[in-house]
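Listed below are the residues making up each chain.
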Amino acid sequence: MDTIILKPFEHRQQECIGIYFDDIPQLNKAVRLIPGRRWSRTFKCWYVELNQLNYLAITSAFSSLAKTDYTALSSYLLEKKKKLAAPALKNMQVSGDARPVASVKPASINRFTSASIPGNGKGHLKILPINAGVLPKLQQQLILKAYSASTIRTYINEMSQLLQTIGNTSADSLNTGLLKRYLVYCFDKLKLSENTLHSRINAMKFYYEQVLGREKFFWEIPRPKKRLILPKVISEEKILAGLMAVENIKHRTILLLAYSAGLRVSEVVALKITDINSDRMQITINEAKGKKDRVVNLSKSILPILREYYKAYKPAVWLFEGQHCNEHYSSRSAQVIFKDAYKKLKLPPQCSFHSLRHSFATHLLENGTDISLIQKMLGHNDIKTTLRYTHVSQRDIGKIESPLDKIMRKKGL
């Protein structure tokens, strides 16, 4: 069996766990399932912040693929514990079963109040030994069911919030009554949004029904009604002004390609050279949201820009390569590019890279494109999702005259 080696190091004044292993395809694939992992060009390894949750994520991701050598990490923690003797260093113990040390008094699940429950921005409890196996079991089942890396990260994060809250109470012993009280606390005290609550419910539902096998366990727990959040749309003039102001050809190509085809940030950075078909003027989007493939139009205007970019950068596999030749450009970096490009145009703060996709759909609608074709271009399962753009389109709303304007016009004012 292969071996991964965990070594501690400091990066940008932050303690990190370095993950070292040979260049083996199955290990390269497994490391991408670890939430928040990044590549260090300095240390030539993947790394995460040093904490108990990340250690559990590492051991879970590689559990069936490789042995874990944590000798260096264990020695580092023990030595630091001796030197500093600080209570903050007692919340993690690296051992065969990776169980955390119970260094804080757990809160009682029977009293969901802001005083007894941490996680309100002033600190939180660590996951105690009684629940140490929950997250590895959750992650393993999510991997076996081929959930996406982003969904795995979300579910693990949301489930960890519950585990930190219940302290020394076993998560496997909770019933629907206690979980309802917990969700009321999340909504009433923590002021979580409806979307966050849905994510938390989904994570809990998956654990209790898919991992523990409790049939129809969540039928008794109601879901909060979601808000209808209108898309943030940028005008055609400002879209062009922002794109043309970008001097770096790679950055400009990323933004132009995303807007020209209505791509999500995760989709545009994950494009491969072979996904661009200039003969048929099409772009193939592989394993997009919901693990769906789709084909979108390749803009005639973007093709010469793509060719110019290709000659300048000569990418090998990924159309937009990252710091590492074996990985594509990161979504986070693409989002930074968008912010830098549009910060001078004084857009609303809610605008993001995804606003390019919203603008693409809205501009198509305003130009007379059928809503069903827009649905296919965006890859929406439900037409209701696409119909949101009718709420912000000026095609029909712009034709409506306000009663005030009519009165003022009649009066000649």
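For the structure itself, consult the block above.
The text that follows walks through the structure, step by step, so that each part is easy to find. (Residues numbered from 1 in each chain as written. Predicted model: local features only at pLDDT ≥ 70, side-chain atom pairs only at ≥ 80, totals over all residues. Heavy atoms only, no water.)

The next subject is helix α2 (residues 52-62). Taking burial as the measure, the 11 residues of α2 include 10 buried ones, the bulk of the element. With a side-chain oxygen positioned 2.8 Å from the backbone nitrogen of N54, the residue opening α2 is N51. (Buried < 20%, exposed > 50% of the residue type's maximum accessible area, 1.4 Å probe, protein only. Helix = DSSP H or I, 4+ residues; strand = E, 2+ residues; numbered from the N terminus. Polar contact = N/O pair within 3.5 Å; in protein donor to acceptor, adjacent residues only side chain to side chain.)

In this section: helix α14 (residues 371-378). Counting along an α-helix, one turn takes 3.6 residues, and residues three or four places apart therefore face a common direction. Residues of α14 that are buried include every one of I374, Q375, M377 and L378, and no others. Along the long axis of α14, the arc covered by the buried residues comes to 165 degrees, so they all point the same way. Next to the buried residues of α14 lie β8 (294-297), α13 (354-366) and α15 (383-386). (Arc of directions from axis to C-beta. Contact = heavy atoms within 4.5 Å.)

Following the criterion strictly, the structure yields 13 aromatic pairs and no others. Through successive ring pairs, a cluster of aromatic residues spans F9, F43 and Y47. Above the face of the W318 ring, K272 is positioned so that its terminal group lies 5.1 Å from the ring centre. The positively charged end of R388 is found above the aromatic ring belonging to Y389, 5.5 Å away from the centroid. (Phe/Tyr/Trp six-rings, centres within 6.5 Å; stacked < 30°, edge-to-face > 60°. Lys NZ or Arg CZ within 6 Å of the ring centre and 35° of its normal.)

Pairing is mixed across the open sheet formed by five strands, whose spatial order is β3-β4-β2-β1-β5. Pairing within the sheet leaves two strands with one partner each, and these edge strands are β3 (38-40) and β5 (66-69). Averaged over neighbouring strand pairs, the angle between their axes works out to 40 degrees when direction is ignored. Of the strand pairs in this sheet, strand β1 (residues 2-11) and strand β2 (residues 14-20) are connected by seven bridges, and their pairing is antiparallel. Opposite P8, over in β2, you have I17 as the bridge partner. (Pairing = 2+ DSSP bridges. Axes fitted to C-alpha atoms, helices over the stretch in contact; angles between N-to-C directions.)

Read across the open sheet, the three strands follow the order β6-β7-β8; overall the sheet is antiparallel. Strands with a single pairing partner mark the edges of an open sheet, and in this sheet they are β6 (276-277) and β8. When strand β7 (residues 282-285) meets β8, the two strands line up antiparallel, connected through four bridges. The residue bridging I285 from the neighbouring strand is R294, located in β8.

So, on to the layout of surface pockets. When its volume is computed, the second largest pocket comes out at roughly 420 Å³. As for the second largest pocket, its lining consists of 22 residues, of which Y259, S260, S299, S301 and F360 are closest to the centre. For the lining of the second largest pocket, the secondary structure elements donating two or more residues are α8 (236-244), α9 (249-261), α11 (302-313), α13 and α14. Looking at the lining of the second largest pocket, the element that brings in the most residues is α8, giving five residues. (1 Å grid on protein atoms, 1.4 Å probe; cavity = no way out; pocket = protein on both sides within 12 Å on 5 of 7 lines; lining within 4 Å. Points joined across faces, edges and corners; volume = space filled by probe spheres on them.)

Attention now moves to the pattern of salt bridges. Inspection of the entire model under this criterion finds six salt bridges. One salt bridge in this structure joins D340 and K343, with 4.0 Å as the shortest N-O distance. Looking at K343, the relative accessible area reads 58%, which means it is exposed. (Salt bridge = Lys/Arg side-chain N within 4 Å of Asp/Glu carboxyl O.)

As a further point, take the environment of R280. Mapped onto the elements of the fold, R280 is located in the loop between β6 and β7. You can call R280 exposed: its relative accessible area is 57%. Put simply, R280 and N297 are 17 residues apart on the chain and 8.8 Å apart in space, counted from C-alpha to C-alpha. Of the polar contacts made by the side chain of R280, one reaches the side chain of Q282; its length is 3.3 Å.

Two strands pair when backbone bridges link them, and β1 and β5 are joined in this way by four bridges, in the parallel orientation. Residue D2 lies in a different strand from β5, and its bridge partner there is A66. Between the antiparallel neighbours β1 and β2 lie two residues, among them R12 with a positive phi of about 55 degrees.

At a closest axis distance of 9 Å, the pairing of α2 and helix α4 (residues 134-144) adopts a crossing angle of 45 degrees. In terms of orientation, α2 lies oblique with respect to α4. Between α2 and α4 lies a crossing whose hand is right-handed. Counting all contacts with α2, which are made through L53, L56, A57, S60 and A61, the residues of α4 involved are L135, P136, Q139 and Q140. Considering only residue class, the contact of α2 with α4 consists of six nonpolar, three polar and no charged. (Parallel < 35°, antiparallel > 145°, perpendicular 65-115°, else oblique. Left-handed = near helix turned anticlockwise from the far one by under 90°. Nonpolar A, V, L, I, M, F, W, Y, C, P; charged D, E, K, R; others polar.)

For the rest of this paragraph, the subject is empty space enclosed by the protein. A complete count under the given rule lists one cavity of 30 Å³ or more for this structure. Grouping the constituent residues of the lining of the largest cavity by class yields six nonpolar, one polar and no charged.

It is the contact of α9 with α13, at a shortest axis distance of 7 Å, that shows an interaxial angle of 40 degrees. Relative to α13, the element α9 lies oblique. For the pair α9 and α13, the sense of crossing is right-handed. Each of L255, A258, Y259, S260 and A261 in α9 lies in contact with α13, whose residues at this interface are L356, S359, F360 and H363. Across the contact of α9 with α13, the residue classes tally to six nonpolar, three polar and no charged.

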